[in-house]
Amino acid sequence: MQLDNFGVQAELTTTPRTGMHRYTFEEGNARMMWHLGHVLQPNWGHRPVSASLEMVDAYTIRGQQTTSGWAYDHPVYFYARFSEPLDLLSVMDEGRVLPTNVTQFEGKSLKVFLSFADTLRQIQVKVGISGVDTLGARLNLEAELPHWNFEQVQNDNRASWEQELGRIQVQSNDTAFLTTFYTAFYHCLMAPVLYQDVDGRYRGMDKQIHQATGGYVNYSVFSLWDTFRAWSPLMSLLYPEHCNNWAHNLLVKTQEGGYLPKWPLMANYTGTMVGYPAVSLWADYQAKGILQGELGAYLDAALEATVYEPSPSAIEPRAKELRPPHLAYIDAMGYIPADSLSHSVSYGVECAYYDWCISQLAQAVGYDSIATRFKERAGYYRYYMNPATGFMQGRLSNGDWKPHFSPFYADFYGDFVEGNAWQWSWFVPHDVMGLANTMGGKDALLRQLDTLFRAPAYLEGEEIPGDISGLIGQYAHGNEPSHHVAYLYHALGQPEKGRTLLDSIMRTFYTPQPDGIIGNEDCGQMSAWYVLNALGLYQLCPGDPAFWIGRPIVERALLQLPGEKSLAIVCEGQSITHSQVLKTLLNGQEIKLEKVGYQDLMQGGELRFLMGK
């Protein structure tokens, strides 16, 4: 990157826990500012809390920056070595000039100005970071970056990414499609992120420093509400060994901090989004034979997550959203009254699905009474379906429907999270036929689905959530609650309608351009939807280990599976005009039910699609 304002070429590369910088100055006079008050989203409340920096020697500095925002308490420790000796020019903190006759500086938003010999044209910097302390940052630096060879680090990075992206080898003459596909797959591999030092230490959800043992690796950035839908099923095909570690990681976080995380971020509970989505991963991995260890511990953690706790002991203010009062109403009334709490319908229907996941876990453990109780709770979505309108709606404490209903209405503090009744009325992936019965039968549900994609693409509301995007009628592909909807046609016996929509979504909302994705990437979910569907597969209901046959747009692909196995995907006759799957063969045997089991796919071999009009 060329920084034209100062005539500097800036180059950056990384190892897992370090960064390497190379700055080339056009005219010498090398200067540098270390800004330990910089934050990414000040408009969203992200703010600096504290910072410190120490001049260790003529080549080395170390320190920390702590910020508060989505992650309420987020310290980052660093240890930096320079390729050339440095001089301290000046230090400022929130506009105040600090004395420079010392070697240690503390403040809230430090700016440290460094200079180098005037004849120097190029400076390199190696920076180790840690969530534990500056010692961890130094050990990370020494272990992962003992040399100054910038090109070697770049080449090692390229080789690593080639290896990981090579898990799916796609053959095509369409360079635009290849660019779109591999950009999407790259996005799928961005999170979770490693959050552990080379010596095994990491900061836990209890804010204490823990020592990982026995091959356990600590991660952060689990966007669970987003990613359980497509990203997690994709990872179960390609990285089942990582899936087990991630599942165990979520259990350990629960045990450390006392609460099942929703969106854990750098040892912080954020309480972000709806329900208790981690149980979806656990139920799905258990059904696929991935989940190892004591299932009873997972079940206990899942059960605790369903109980309202009025005063969480975790220190983050948003921790109160981990086990909110919505849960108390589900226990007491079966539904959440819209005149008592916002987001009542979204919480109600999502928790019904998560309760179904808990019933699957309980059944696997052998706790039949718990399985029965949560299977009953999984049907509580019926409280929200108004057969007179064909939509999920808010209900009042007295059982009446909330007045002045419009399915187009979407408000930030309304009955739905990041959506409206059009987009949320379909979220019953665990009981599609039960959903149909609430609407008057399969034909009625099909008619309502048809209407969804033909409805006017507009929204009503005083504060419409910006996440609602990528509209086809009222279907909103730019946000996760819509991602399974096209496959309801498959479950209802009309897959040709679903495939026509899938073809349109993939070709319209995913392109090889800077703006070539709809909505928020959400840690790989938006792209994982594309990767799976481009391969012709999608899991309608995580926890039920079946992948439905979609509309593949690859010509040929090879998936590298564990155990040195591989799955070849071949599409005969695939083209823009041939969007329908006429026949599907797995290792020569025809698939009759429009879906294939996880274990069958993991045996490897060939999945062949015969395409036509």
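For the structure, see preceding data.
Residues numbered from 1 in each chain as written. Predicted model: local features only at pLDDT ≥ 70, side-chain atom pairs only at ≥ 80, totals over all residues. Heavy atoms only, no water.

Engineer: Any chance you could explain the sheet that holds strand S26 (residues 580–586) here in plain terms?
Structural biologist: One open sheet accounts for six strands, arranged S13-S24-S25-S29-S26-S27; its pairing is mixed. Looking at the sheet topology across the chains shown, the edges are occupied by strand S13 (168–171) and strand S27 (589–590). Where S26 lies against S27, two bridges are found, and the strand directions are antiparallel. The residue bridging Leu586 from the neighbouring strand is Gln589, located in S27. (Pairing = 2+ DSSP bridges. Helix = DSSP H or I, 4+ residues; strand = E, 2+ residues; numbered from the N terminus.)

Engineer: Help me out: how do you make sense of the packing of aromatic side chains in this one?
Structural biologist: Within a pair of aromatic rings, the relevant descriptors are the distance that separates the centres and the angle that separates the planes. The tally for this structure, following the rule as stated, stands at 32 aromatic pairs. Ring plane angle 55° and centroid distance 5.5 Å describe the contact between Tyr353 and Tyr354, whose orientation is recorded as tilted. Taking 5.7 Å as the distance between ring centres and 70° as the angle between the ring planes, the aromatic pair formed by Tyr380 and Tyr383 counts as edge-to-face. Classification of Tyr380 as buried rests on a relative accessible area of 18%. Residue classification places Tyr383 among the partly exposed positions, given a relative accessible area of 32%. Aromatic rings pair up to connect Phe228, Tyr276, Tyr353, Tyr354, Trp356, Trp424 and Phe427 into one cluster. Against the face of Trp225 rests Arg229, its NZ or CZ located 4.6 Å from the ring centre. (Phe/Tyr/Trp six-rings, centres within 6.5 Å; stacked < 30°, edge-to-face > 60°. Buried < 20%, exposed > 50% of the residue type's maximum accessible area, 1.4 Å probe, protein only. Lys NZ or Arg CZ within 6 Å of the ring centre and 35° of its normal.)

Engineer: Explanation requested: the sheet that holds strand S11 (residues 110–115) in the structure shown.
Structural biologist: Strand order in the open sheet formed by four strands is S4-S11-S8-S9, with antiparallel pairing between adjacent strands. Each edge of the sheet is formed by a strand with only one pairing partner; in this case those strands are strand S4 (31–35) and strand S9 (96–98). The average undirected angle you get between the axes of adjacent strands in this sheet is 25°. (Axes fitted to C-alpha atoms, helices over the stretch in contact; angles between N-to-C directions.)

Engineer: Help me understand unusual backbone geometry in this model?
Structural biologist: Glycine aside, negative phi is the norm for most residues, and most peptide bonds take the trans geometry. Following Ala191, the chain continues to Pro192 via a peptide bond in cis, the omega torsion being 0°. Mapped onto the fold, Pro192 is located in the loop between helix H3 (175–188) and strand S14 (193–194). Backbone geometry at Glu564 places phi at a positive 60°, although glycine is not the residue there. Mapped onto the secondary structure, Glu564 falls in the loop between strand S24 (556–561) and strand S25 (565–572). The class of Glu564 is exposed, set by a relative accessible area of 84%.

Engineer: Can you help me understand the environment of Ala436 in this one?
Structural biologist: Position of Ala436 among the secondary structure elements: in helix H13 (residues 432–438). Not counting residues up to four positions away in its chain, the partners in contact with Ala436 are Gly441, Lys442 and Leu445. (Contact = heavy atoms within 4.5 Å.)

Engineer: It is not clear to me how the pairing of strand S6 (residues 60–68) should be interpreted in this structure. Could you clarify?
Structural biologist: Along any regular strand, the residues point their side chains to alternate faces of the sheet. In terms of burial, S6 is largely enclosed, as eight of its nine residues are buried. Bridge count between strand S5 (residues 47–57) and S6: nine bridges; the pairing is antiparallel. Across the sheet, Ala51 pairs through a bridge with Gln65, a residue of S6. Relative to strand S7 (residues 74–82), S6 runs antiparallel, the two sharing eight bridges. For Gln64, the partnering residue across the bridge sits in S7 and is Tyr77.

Engineer: When you look at the pattern of salt bridges in this model, what are you seeing that I'm missing?
Structural biologist: Should their charged atoms come close, side chains of opposite charge can pair. If you walk through the whole model with that rule in mind, you get 25 salt bridges. Linking Arg167 and Glu164 is a salt bridge whose minimum nitrogen-to-oxygen distance equals 4.0 Å. Glu164 sits in the partly exposed class, given a relative accessible area of 21%. Close ionic contact of Glu350 with Arg229 constitutes a salt bridge, the shortest N to O distance being 3.0 Å. Of this pair, Glu350 sits in helix H10 (residues 344–365) while Arg229 sits in the loop between helix H4 (224–227) and helix H5 (231–238); the two residues are 121 residues apart in sequence, bridging distant segments of the chain. Grouping residues by exposure puts Glu350 and Arg229 together as buried. Shared partners join several salt bridges into a network, and the residues in it are Glu11, Arg22 and Glu151. (Salt bridge = Lys/Arg side-chain N within 4 Å of Asp/Glu carboxyl O.)

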